[in-house]
Amino acid sequence: SQQGEEDPQALSIQEGENATMNCSYKTSINNLQWYRQNSGRGLVHLILIRSNEREKHSGRLRVTLDTSKKSSSLLITASRAADTASYFCAPPGGSNYKLTFGKGTLLTVNP
Amino acid sequence: EPEVTQTPSHQVTQMGQEVILRCVPISNHLYFYWYRQILGQKVEFLVSFYNNEISEKSEIFDDQFSVERPDGSNFTLKIRSTKLEDSAMYFCASSSESLASNTGELFFGEGSRLTVL
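Residues numbered from 1 in each chain as written. Chains lettered and ligands numbered in written order. Predicted model: local features only at pLDDT ≥ 70, side-chain atom pairs only at ≥ 80, totals over all residues. Heavy atoms only, no water.

### Brief notes about the overall build of chain A
Put simply, the test is: Strands are runs of DSSP state E lasting at least two residues, helices are runs of H or I lasting at least four, and both sets are numbered from the N terminus onward. Summary of the burial criterion: residues with accessible area below 20% of their type's maximum are buried, those above 50% are exposed, and those between are partly exposed, where the area comes from a 1.4 Å probe applied to protein chains only. The contact criterion used throughout is that any non-hydrogen atoms of two residues lie within 4.5 Å. With residues, only the protein chains shown are counted as cover, and all accessible areas are computed by Shrake-Rupley using a 1.4 Å probe.
Looking only at helices and strands, one finds 0 helices and 10 strands in chain A. Helices and strands in chain A line up, N terminus first, as β-β-β-β-β-β-β-β-β-β. Dimensions of chain A, computed from C-alpha atoms along their principal axes, come out at roughly 40 × 30 × 20 Å. Relative to its 111 residues, chain A shows a buried fraction of 48%. Sequence separation of 24 or more characterises 55% of the internal contacts of chain A that already satisfy a separation of 6 or more. Counting only carbon and sulfur atoms, one obtains 45% of the accessible surface of chain A, whose full area is about 5,200 Å².

Structure (structure tokens):
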């Protein structure tokens, strides 16, 4: 089954800086989702980008998708300490009935 | 805002005991999922459920596991005879649309931590 591979595995920045996380996947998709997980908590859906979209914004989040390179990026602008979390991309997991999550990017935003 | 609720938040059990983890998905959702996360590891898919039957299950979801939607609101995961390696956080999720659609997103509960001694 397909899962996204996030890069880097860990990212540490100062509050106010931007954070960029990347995702690569293997097979063709119709959409790709990004999720956040605060330590020990459930995953929270952030944004879904369709395969015919190149870029999508939601508040301080900007997601890009390049289907030719099978890659996506998540940019968080003006980061806050509360953005500290793990971030996962989720392409469809090889079926219509599951999403498969990779190891994620652990983002630490230092105050 | 509607949310997925899970009980118990933490359960400690002895190896070999049966455990039932309960979930109340968002009320108008039709697709239900269980995931688990062993401490420090990835969130792993266990099973998806739609129209009162399993849509897909992973290799982890062996004969020791079962799911049920006993009424119109609850979705349960049963582990028949727990093993030490079943210790994990178990997350329930639901969605209103199929993941094949372009609006299918998962809403997760806060998880049930299972500790098997």
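Alright, that's what it looks like, and here's the rest.
### Brief notes about the overall build of chain B
Where we set the bar: A radius of gyration in this sense is built from C-alpha atoms; the matching globule rule multiplies 2.2 Å by the number of residues raised to 0.38. Only four residue types enter the tally: Lys and Arg on the positive side, Asp and Glu on the negative side; His and the chain ends are excluded. Each charge is placed at NZ for Lys, CZ for Arg, CG for Asp and CD for Glu.
Each helix and strand counted, chain B has 0 helices and 11 strands in total. Listed N to C, the secondary structure of chain B is β-β-β-β-β-β-β-β-β-β-β in terms of helices and strands. In terms of C-alpha radius of gyration, chain B reaches 14 Å, essentially the compact-globule figure of 13 Å for 117 residues. A separation of at least 24 residues holds for 54% of the contacts in chain B among residues at least 6 apart in sequence. As displayed, chain B has an accessible area near 5,800 Å², and 45% of this comes from carbon and sulfur atoms. When the 9 basic and 16 acidic side-chain charges of chain B are each reduced to a single mean position, those positions are 6 Å apart.

### Focus: the interface of chain B and chain A
Stated formally: Two parts placed together each lose some accessible area under a 1.4 Å probe, and the buried area is that loss summed for both. In protein, a polar contact requires one atom able to donate a hydrogen and another able to accept it; more generally it is a pair of N or O atoms within 3.5 Å, and residues adjacent in sequence count only if both atoms are side-chain atoms. All amino acids are sorted into three groups, where Ala, Val, Leu, Ile, Met, Phe, Trp, Tyr, Cys and Pro are nonpolar, Asp, Glu, Lys and Arg are charged, and the leftover types, Gly among them, are polar.
Taken together, the 23 residues of chain B in the interface contact 21 residues of chain A. Summed over the three residues of chain B that lose the most area to chain A, namely K42, L99 and N102 of chain B, the buried surface amounts to 28% of that side. Our enumeration of links across chain B and chain A arrives at 9 residue pairs in polar contact (both at pLDDT 80 or more). Broken down by secondary-structure element, the contributors of at least two residues to the side of chain B that touches chain A are β4 (31-37), β5 (43-50), β6 (53-57) and β9 (88-95) of chain B. A breakdown of the residues in the side of chain B that touches chain A according to their chemical character gives 10 nonpolar, 9 polar and 4 charged.

### A short note on the side chain of S58 of chain B
Residue and element names in this part refer to chain B. The topology assignment puts S58 in the loop between β6 and β7 (65-68). Of note is the side chain of S58, whose polar atom sits 2.9 Å from the backbone oxygen of F45. When sequence neighbours within four positions are dropped, the list of residues in contact with S58 reads F45 and L46.

### Focus: the pairing of strand β8 (residues 75-79) of chain B
Residues and elements named next belong to chain B. The line we're drawing: Here, a strand pair is defined by DSSP locating no fewer than two bridges between the strands.
With 4 of 5 residues buried, β8 lies mostly within the body of the structure. Here strand β3 (residues 19-24) pairs with β8 via 5 bridges, running antiparallel. Across the sheet, residue V19 finds its bridge partner in β8, namely I79. By the bridge criterion, 4 bridges tie β7 to β8 in an arrangement that is antiparallel.

### Observations concerning the packing of aromatic side chains
All names here are of chain B. The condition that has to hold: Aromatic pairing here means that ring centres of Phe, Tyr or Trp (its six-membered ring) are within 6.5 Å. Orientation follows from the plane angle: under 30 degrees is stacked, over 60 is edge-to-face, and everything else is tilted.
Tallied over the full model, the rule gives 13 aromatic pairs over all chains. Between F49 and F75, the aromatic rings sit 5.2 Å apart at their centres with planes inclined by 40 degrees, giving tilted as the arrangement. Note that F49 is positioned in strand β5 and F75 in strand β8, a separation of 26 residues in sequence. The exposure classification of F49 matches that of F75, with both residues buried.

### Quick notes on the state of the cysteines
All names here are of chain A. To keep things clear, this is the line we draw: Any two cysteine sulfur atoms within 2.5 Å of one another count as a disulfide.
Within the structure shown, the criterion is met by 2 disulfides over all chains. C23 shares a disulfide with C89; S-S distance 2.0 Å. Handedness here is read from the sign of the S-S torsion; for C23 and C89, about 70 degrees, the answer is right-handed. Taken together, the residues C23 in strand β3 (residues 19-24) and C89 in strand β9 (residues 85-90) connect sequence positions 66 residues apart.

Remember that the coordinates give geometry; whether it matters functionally is a separate question.
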